Amino acid sequence: MKKDNIVELKNVSVSFDGEQILDGLNLDIKDKEFITLLGPSGCGKTTTLRLIAGFLEPDEGDIFFEGNRINGVPAYKRQVNTIFQRYALFPHLNVYENIAFGLRVKKMPEKDIKTKVNEMLELVNLKGLEKRNIDTLSGGQQQRIAIARAIANHPKVLLLDEPLAALDLKLRKDMQKELKKIQEQLGITFIFVTHDQEEALTMSDRVVVMDSGKIQQVGTPQDIYNEPQNAFVADFIGESNILDGIMLKDFSVEFSGQKFECLDKGFDTNEEVDVVVRPEDVDIVPAEKGMLRGVVTSVSFLGVHYEIIVDIGGFKWMIQTTDENFVGDNVGLYIEPDAIHIMKKSEYSGKYGDYSTYSEEIELLSEIDEEE
Amino acid sequence: MKNKTSFGSRIIAAPYIVWSAIFIIVPLLIMIYFALTDQNGVFTIANIAQIGKYKKAFGISILYAAIATVITLLLAYPMAYFMTKIKISSQRMILLIVMLPMWMNFLIRTYSWITILANTGLINTFLGKLGIAPLRLINTPGAVILGMVYDFIPYMILPIYSVMSKLDKSLLEAAEDLGSNSFSKFRRVILPLTRSGIISGITMVFVPSVSTFYISQKLGGNKTMLIGDAIEYLYNLGPSYYNVASALSLILMLMILICLAIMNKFSGDDEDGGVIL
């Protein structure tokens with residue numbers, strides 16, 4: 001037990017109806033950090049949150065809070081509070097009584113409750129709404145009340161279960177900043193669950209990428225983006241071209257039939273690896289000057305840049321460029337050594353990172369799936 | 001209803017309005033007419049003034065109905081709560097069992113209790129085999145209240161269950177999350193959010209219990225005279241007693257309306273499963 005860990009999960013497994021939801025999960029959460037559990041639906045992120053909240057007990061493994069094992073401790077005795085996905089505000093109570101709920105349960109004197117509720121309303125910028133009914137509030141206001149209700153109890157850890165999923169884009173961006181501000185102001189640990197990678201990168205001190213009940217990678221947003229550990233992480237966080245490659249020796253890799261200089265080392269000679277090249281790290285140059293040559297098969301204009309698909313020997317690359325290109329153009333690709341990232345082969349190899357079936361529609365459909 | 005009704009919905013409602021006029025409003029007016037006139041059709045409040053003679057019947061009716069309602073609530077509430085905790089297919093099964101007796105005429109169901117409670121009935125025969133002296137079960141206040149509870153309990157279970165099953169589980173988790181143990185969770189969240197079901201259950205059990213006459217006659221013998229029995233008895237004496245019987249009916253109806261009004265005050269503005277007065 002390290003001193004600055006507030007929550008520790010040790011070898012935690014959970015299954016429902018024979019389906020493995022969490023598979024031997026180990027995770028240390030530091031005091032006062034903003035940590036995000038990120039992954040597609042069904043990856044086990046919400047289950048992890050519910051374990052910490054006490055709504056669920058692990059089949060195997062232990063959960064520690066400030067060094068004490070808390071398996072079997074009921075939710076109402078834990079020093080954590082949750083912000084629920086659909087807020088779960090009490091419809092029979094007004095704004096004031098919702099925020100006061102936890103304080104009344106603790107039998108706090110009426111005078112102190114009043115002071116505390118007012119302080120909370122100020123913190124979330126909702127002064128003057130004390131007497132309002134919950135169902136007369138907008139989604140954004142309900143979100144703020146949910147935050148106020150949770151932190152009025154001075155939790156040591158605040159759990160947030162996709163709290164921004166129901167808000168529209170503009171409001172979501174504002175709330176991201178606000179949540180981050182509140183977290184810094186209160187100096188408590190936030191454990192945030194989301195499937196939105198951009199949200200995870202902008203808000204978090206550390207990101208935990210999860211899939212199929214396992215942690216795929218833990219690290220700062222920069223680590224996760226720049227040094228993904230496997231094809232799943234590389235694909236889930238941003239766009240990636242992931243190619244089969246062979247590590248010839250330290251600092252030298254071969255893929256697409258060419259040798260490239262890179263910055264990675266420590267692999268076996270001639271080890272098969274996955275090579276990640278981010279779309280924004282590739283330069284389009286005239287065909288004769290390129291390290292690789294190919295034909296443009298698709299161009300989409302996204303405002304800030306163009307997203308083009310280039311066919312190189314049958315493998316379709318996605319490249320983001322500010323130069324205009326046209327379908328059918330012969331182009332060259334120039335890749336700097338620091339644009340190449342080498343990963344060990346994993347169970348995810350070959351599943352991601354090829355844009356041969358890429359189209360705008362498919363991207364849209366998959367986003368709708370995630371919403372559900 | 002507060003909503004402005006459209007022309008179309010008025011047409012659809014027309015048969016219902018005609019129906020209520022013929023079978024509800026007109027009989028009510030006839031009853032009020034009889035209650036406020038003497039045998040010659042002259043206005044009088046003499047019938048109403050006779051209420052004093054039936055104080056006891058009114059008192060017992062209200063007392064028995066209140067006891068039956070409380071027992072029904074105490075049985076039905078945990079039952080409804082338990083039903084929402086089990087899997088959906090079992091919930092449907094139990095719901096079916098709860099409603100099954102309602103498919104049978106309640107006179108028959110009440111009658112069947114006689115064979116169970118009678119001095120030579122099922123229970124006493126069984127006790128006799130064990131060498132225990134027969135208990136006096138039938139023709140007691142207990143038997144009347146038992147009959148009320150048995151006949152009307154589905155009307156308590158169904159509205160409470162329907163409100164309880166709609167209760168958002170995340171609200172219960174939120175209550176726990178904010179420090180509530182089981183008792184405080186029940187008091188602060190479950191009870192207030194199922195209040196409308198309780199109120200409509202109480203109404204639907206209390207009203208038929210307070211005005212029943214069949215249950216008391218069959219299970220209470222001649223000992224317990226409820227107000228419903230008094231009214232029936234007076235009607236059976238012939239036309240000259242219609243005025244007094246109508247007066248008693250009117251008073252009973254007004255009492256029930258007052259009870260309902262008080263109930264609705266408590267049910268708040270949440271109309272889920274509530275009774276519209």
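For clarity, every value in this text was computed on a predicted model and none was experimentally measured. (Residues numbered from 1 in each chain as written. Chains lettered and ligands numbered in written order. Predicted model: local features only at pLDDT ≥ 70, side-chain atom pairs only at ≥ 80, totals over all residues.)

Notes on the overall build of chain A
Okay, so step 1: A tally of regular secondary structure across chain A gives nine helices and 20 strands.
Okay, so step 2: Along the first, second and third principal axes, the C-alpha set of chain A runs to 80 × 45 × 40 Å.
Okay, so step 3: Looking at chain A as a whole, 39% of its 372 residues are labelled buried.
Okay, so step 4: The contacts in chain A between residues at least 6 apart in sequence include a share of 67% that link residues at least 24 apart. (Helix = DSSP H or I, 4+ residues; strand = E, 2+ residues; numbered from the N terminus. Buried ≥ 20, exposed ≤ 12 C-beta atoms within 10 Å, placed from the backbone. Contact = placed C-beta atoms within 7 Å.)

What to know about the sheet that holds strand β3 (residues 34-38) of chain A
Residues and elements named next belong to chain A.
Okay, so step 1: If you trace the six strands from one edge of the open sheet to the other, you get β6-β7-β8-β3-β9-β10, paired in mixed fashion. Edge positions in the open sheet fall to β6 (80-83) and β10 (214-219), since each of these has one partner strand only. When strand polarity is set aside, the average angle formed by the axes of neighbouring strands in this sheet is 20°.
Okay, so step 2: Examined bridge by bridge, strand β9 (residues 206-211) and β10 share five bridges and lie antiparallel to one another. Bridge pairing in β10 links Met-210 to Ile-215. (Pairing = 2+ DSSP bridges. Axes fitted to C-alpha atoms, helices over the stretch in contact; angles between N-to-C directions.)

Side note on the domain arrangement of chain A
Residues and elements named next belong to chain A.
Okay, so step 1: Here chain A is partitioned into domain 1 (5-226) and domain 2 (231-371).
Okay, so step 2: One C-alpha centre belongs to domain 1, the other to domain 2, and the line joining them spans 36 Å.
Okay, so step 3: Residue-level contacts link 10 residues of domain 1 with six residues of domain 2.
Okay, so step 4: Put simply, the parts of the chain that give the side of domain 1 that touches domain 2 at least two residues each are β9, β10 and α7 (221-226).
Okay, so step 5: When grouped by side-chain class, the residues that make up the side of domain 1 that touches domain 2 number four nonpolar, five polar and one charged. (Domains from an automatic or database assignment. Nonpolar A, V, L, I, M, F, W, Y, C, P; charged D, E, K, R; others polar.)

What to know about the sheet that holds strand β2 (residues 19-30) of chain A
Residues and elements named next belong to chain A.
Okay, so step 1: Reading across the sheet, the four strands line up as β2-β1-β4-β5 and stay open at both edges, with antiparallel pairing between neighbours. Taken across any chain shown, the strands that pair with only one partner, and hence form the sheet edges, are β2 and β5 (68-69).
Okay, so step 2: Alignment of strand β1 (residues 5-16) against strand β4 (residues 60-65), held across five bridges, turns out to be antiparallel. By the bridge assignment, Ser-13 is partnered in β4 with Glu-60.
Okay, so step 3: This element, helix α1 (residues 45-53), spans β1, β2 and β4 of the sheet and lies at about 60° to β2.

Some details on unusual backbone geometry
All names here are of chain A.
Okay, so step 1: Even without being a glycine, Lys-32 presents a positive backbone phi close to 70°.
Okay, so step 2: Unlike most non-glycine residues, Phe-251 shows phi in positive territory, near 65°.
Okay, so step 3: Checked against the element boundaries, Phe-251 lands in the loop between β11 (241-249) and β12 (252-255).

Remarks on the packing of helix α2 (residues 95-105) of chain A against helix α3 (residues 110-123) of chain A
Two quantities define a packed helix pair, namely the angle between the axes and the distance from one axis to the other.
All names here are of chain A.
Okay, so step 1: Where α2 contacts α3, the axes come no closer than 10 Å and their chain directions differ by 125°. On the basis of the axis angle, α2 is oblique to α3. Taken as a pair, α2 and α3 cross one another with a handedness that is right-handed. In this structure, α2 uses Tyr-96, Ile-99, Ala-100, Leu-103 and Arg-104 to contact α3, whose residues at the interface are Ile-113, Lys-116, Val-117 and Met-120.
Okay, so step 2: Within the contact of α2 with α3, the residues separate by chemical class into seven nonpolar, no polar and two charged. (Parallel < 35°, antiparallel > 145°, perpendicular 65-115°, else oblique. Left-handed = near helix turned anticlockwise from the far one by under 90°.)

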